[in-house]
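The lines below spell out each chain.
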Amino acid sequence: MLYAILCYNDEDTVFAWSKEQEDATMARLIAVQEPLAKAGKLGPVARLMPTTAATTLRKGKNEPIVIDGPFAETKEQLLGFYVVDFETLDEAIGFSKELAAANPGAGSYEIRPLYVFRPGAVAT
């Protein structure tokens, strides 16, 4: 089953890291990712640009409106995500715990099974 692991943290803190802090954190994260990549179980991994670069289309009763920025003010922002292929939720939780150990500071990881849509194919 494919899982999305959504990475939340305080973007002001993360984007304020020095180059050395960023490099060290990325090295730890790559070490966690590498076994999955070699096993062919790691899909796309992405870090999102800051929420100041976001555009939101807000849907309501009338025509949708386009606004700058994130959809809500929160203490933690969605900063990136992983797509991984695991047999069980426990495997996804274990990988998320490794990511949490590799990342400094606070934050959270939301784990969601993915329902993939492919035009002309049966959804999985």
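Nothing here was measured: the structure is a model prediction, and the numbers come from that model.

Chemist: Could you give an account of the environment of Thr 56, with specific residues and numbers?
Modeler: Locating Thr 56 in the fold gives a position in strand β3 (residues 55-58). Here the alpha-carbon distance between Thr 56 and Val 45, two residues 11 residues apart in the chain, equals 22 Å.

Chemist: So what's going on with the sheet that holds strand β6 (residues 108-113)? Which residues, and what values?
Modeler: Whether parallel or antiparallel, the strands of a sheet pair through hydrogen bonds between backbone atoms. Read from one edge of the open sheet, four strands run β2-β5-β1-β6, paired in antiparallel fashion. The open sheet has two edge strands, β2 (42-47) and β6, and neither has a second partner. Taken over all neighbouring pairs, the strand axes of this sheet differ in orientation by 20 degrees on average, direction set aside. Sheet topology places β2 next to strand β5 (residues 77-85); four bridges connect them, and they run antiparallel. Bridge pairing in β5 places Arg 47 opposite Gly 80. Along the sheet face, helix α2 (residues 19-38) touches β2 and β5 and points at about 165 degrees away from the line of β2. Helix α3 (residues 89-102) contacts β1 (2-9), β5 and β6 of the sheet and is inclined by roughly 155 degrees relative to β6.

Criteria and thresholds
- Residues numbered from 1 in each chain as written.
- Predicted model: local features only at pLDDT ≥ 70, side-chain atom pairs only at ≥ 80, totals over all residues.
- Heavy atoms only, no water.
- Helix = DSSP H or I, 4+ residues; strand = E, 2+ residues; numbered from the N terminus.
- Pairing = 2+ DSSP bridges.
- Axes fitted to C-alpha atoms, helices over the stretch in contact; angles between N-to-C directions.
- Contact = heavy atoms within 4.5 Å.

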